[in-house]
Amino acid sequence: GAVVSQHPSRVICKSGTSVKIECRSLDFQATTMFWYRQFPKQSLMLMATSNEGSKATYEQGVEKDKFLINHASLTLSTLTVTSAHPEDSSFYICSATGTGGTLNTEAFFGQGTRLTVV
Amino acid sequence: GEDVEQSLFLSVREGDSSVINCTYTDSSSTYLYWYKQEPGAGLQLLTYIFSNMDMKQDQRLTVLLNKKDKHLSLRIADTQTGDSAIYFCAESRRYSSASKIIFGSGTRLSIRP
């Protein structure tokens, strides 16, 4: 299957700083990318959906100024957590879909990034 | 309540079959998925079923879909200790020219000897 690489896998940052998480599709063109957040022992919550070259669409309750999403190319999307607070500590996962074959039916997930804000 | 619902826990004896149930609300869902998440790891797609199918079998996994009742189940035959994980049911919803996937709360499967 197609591969989505997410980086970093773990990051610890100080309160008030910003953190950027990258999501890359390695062997296909990701026309749409999704960012999810998972709280401990809870399900994945969709944060936003982004199409290459256009602004992301955020789910209700997700602050777009705090969680900046950029999908500048067909292989890369980034999520920047700005002015991070301890309550932003979570597991963030990206997924991507493409076109053709099974690429537009199956979402391929990154490995996830565990963010800890101290 | 959540749009995709699952029971939170399931405990089965090793070697028995596990059946994880899920209900969803969007009748226009085109695909329904089962994902597996092991502790501290990302998601692994186990299987998916197209909405016009009622059953799909893949080795030890059997997916049953009752579209009328919006009920999806995952059966794992001969459950092993390596099957211990959280299993997420998910549905795809059309969004513009693509689909977004909405997840259930996850069912934590534990195996007892």
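Residues numbered from 1 in each chain as written. Chains lettered and ligands numbered in written order. Predicted model: local features only at pLDDT ≥ 70, side-chain atom pairs only at ≥ 80, totals over all residues. Heavy atoms only, no water.

Chemist: Explanation requested: the overall build of chain B in the structure shown.
Modeler: Looking only at helices and strands, one finds zero helices and 11 strands in chain B. Its helices and strands taken in sequence order, chain B reads β-β-β-β-β-β-β-β-β-β-β from the N to the C terminus. Against the globule reference of 13 Å for 113 residues, chain B gives a C-alpha radius of gyration of 14 Å, in line with a compact fold. On the principal axes, the C-alpha backbone points of chain B span a range of 45 × 30 × 25 Å. Expressed as a percentage of the 113 residues in chain B, the buried residues total 50%. Taking contacts inside chain B between residues at least 6 apart in sequence as the whole, the part at least 24 apart equals 55%. In chain B, 13 side chains carry a positive charge and 13 a negative one; their mean positions are 2 Å apart. (Helix = DSSP H or I, 4+ residues; strand = E, 2+ residues; numbered from the N terminus. Rg over C-alpha atoms; globule rule 2.2 N^0.38 Å. Buried < 20%, exposed > 50% of the residue type's maximum accessible area, 1.4 Å probe, protein only. Contact = heavy atoms within 4.5 Å. Lys, Arg positive; Asp, Glu negative; His and termini not counted. Charge placed at Lys NZ, Arg CZ, Asp CG, Glu CD.)

Chemist: Where do I start with the packing of aromatic side chains in this structure?
Modeler: For any pair of aromatic rings, the description consists of the separation of the ring centres together with the inter-plane angle of the planes. Within this structure, the stated rule accounts for 13 aromatic pairs over all chains. Residues A:Phe28 and A:Phe108 carry aromatic rings whose centres are separated by 5.5 Å and whose planes lie at 55° to one another, so their mutual orientation is tilted. Taken as a pair, A:Phe28 in the loop between β3 (19-25) and β4 (32-38) and A:Phe108 in strand β10 (residues 108-109) lie far apart in primary sequence, 80 residues in all. Both residues of the pair, A:Phe28 and A:Phe108, belong to the buried class. Between the aromatic rings of B:Tyr33 and B:Tyr48, the centroid separation amounts to 5.9 Å while the plane-to-plane angle is 45°, which identifies the pairing as tilted. Of this pair, B:Tyr33 sits in strand β4 (residues 31-37) while B:Tyr48 is found in strand β5 (residues 43-50), placing the two residues 15 residues apart along the sequence. Here B:Tyr33 matches B:Tyr48 in class, with each residue buried. Taken together through their ring pairs, the aromatic side chains of A:Tyr36, A:Phe109, B:Tyr31, B:Tyr33, B:Tyr35, B:Tyr48, B:Phe50, B:Phe88 and B:Phe103 make up a single cluster. For B:Lys56, the ring lying beneath its charged end belongs to B:Tyr48, and the centroid distance is 4.4 Å. (Phe/Tyr/Trp six-rings, centres within 6.5 Å; stacked < 30°, edge-to-face > 60°. Lys NZ or Arg CZ within 6 Å of the ring centre and 35° of its normal.)

Chemist: Looking at this structure, how should I read the sheet that holds strand β7 (residues 61-66) of chain B?
Modeler: Remark on secondary structure: sheet strands pair via backbone hydrogen bonds, oriented parallel or antiparallel. Residue and element names in this part refer to chain B. Taking strand neighbours across the sheet as the criterion, the five strands line up as β1-β3-β8-β7-β6 in an open arrangement whose pairing is antiparallel. Here the strands that pair on one side only, and so sit at the sheet edges, are β1 (4-6) and β6 (55-58). Averaged over neighbouring strand pairs, the angle between their axes works out to 15° when direction is ignored. Bridge analysis of β6 against β7 gives four bridges, and the strand direction is antiparallel. When the bridges of β7 are listed, Gln-57 appears paired with Thr-62. (Pairing = 2+ DSSP bridges. Axes fitted to C-alpha atoms, helices over the stretch in contact; angles between N-to-C directions.)

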